[in-house]
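Secondary and tertiary structure notes
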Amino acid sequence: MANDQVLVLNVSYEPVILIHWHRAICLVMAEKVTVEAVEDGRALRSATAEFPYPAVVRLRRYVPATRASSLGCSRRSVLRRDGFLCAYRASSPVCATRAASVDHVVPRSRGGGDEPTNLVAACVPCNQLKANRTLRELGWSLHRVDPAHAMPLFDLEDVPVAWRPFLPVAA
Ligand SMILES: [Zn+2]
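Computed from a prediction, not measured in an experiment: that's the story for all the values here.

What follows is about the pairing of strand E1 (residues 5-9). Buried residues dominate E1, accounting for 5 of its 5 residues. A two-sided burial pattern is seen for E1, the buried positions comprising Gln5, Leu7 and Leu9 on one face and Val6 and Val8 on the other. As paired elements, E1 and strand E2 (residues 15-20) share 5 bridges and run antiparallel to each other. Looking at E2, one finds that Val8 is bridged to Ile17. In this sheet, strand E4 (residues 50-59) lies alongside E1 in parallel orientation, the contact comprising 3 bridges. Pairing of Val8 across the sheet is with Val57, part of E4.

In structure tokens, the structure reads:
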């Protein structure tokens, strides 16, 4: 399976986020990360050189998890973390359950950030109905556990072999 995502670890080897390999190469060239593991049998070729494909990179400086979104928190990783189920399904009257969008729990216009802990999977009707309001204003709650406690987002069955030594063992 071709995998375009690279696992980013914090200085402390704690999994932080997934990023596209384009972004990972930028971080390697900027010397912001070191390559911890490469994907066997896969290489990136330029006109003059060949590089191993990074599978896992580690930050050289500690980045708080709440700021890790500056490294690129993909929409897909949020949807996968939440199992493609709308986070508002127990409380919203219009919920379609199957999530196809990502919503800011605290809207950006109200000071909410792009950190993974403020992002949840949401169905389109809920996302549109919620708009720029807070859960409190709507009387809604999150169906699932608070995303602040739901990181990281890995399904060990489904991750590249090169990542496995770096991920917590699933319970
Ligand atoms: Zn919904």
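A few words now on the coordination of the zinc ion. Around the zinc ion, the protein supplies Cys86 (SG), Cys95 (SG), Cys123 (SG) and Cys126 (SG) as donor atoms, at distances of 2.3 to 2.4 Å. Here the zinc ion binds 4 donor atoms, and the angle range of 99 to 117° at the metal identifies the geometry as tetrahedral. Each donor residue of the zinc ion lies on the same chain, and together they follow the pattern C-x8-C-x27-C-x2-C. On the criterion of sequence distance, the pair formed by Cys86 in the loop between helix H2 (75-81) and strand E5 (101-104) and Cys126 in helix H3 (residues 124-130) is long-range, its members being 40 residues apart. Just as Cys86 is buried, Cys126 falls in that class too.

Cut-offs used in this document
Residues numbered from 1 in each chain as written. Predicted model: local features only at pLDDT ≥ 70, side-chain atom pairs only at ≥ 80, totals over all residues. Heavy atoms only, no water. Buried < 20%, exposed > 50% of the residue type's maximum accessible area, 1.4 Å probe, protein only. Helix = DSSP H or I, 4+ residues; strand = E, 2+ residues; numbered from the N terminus. Pairing = 2+ DSSP bridges. Donors = N, O, S within 2.8 Å, 3.2 Å for Na, K, Ca; no water. Tetrahedral: all angles 85-135°; square planar, octahedral: opposite > 155°, others 65-115°.

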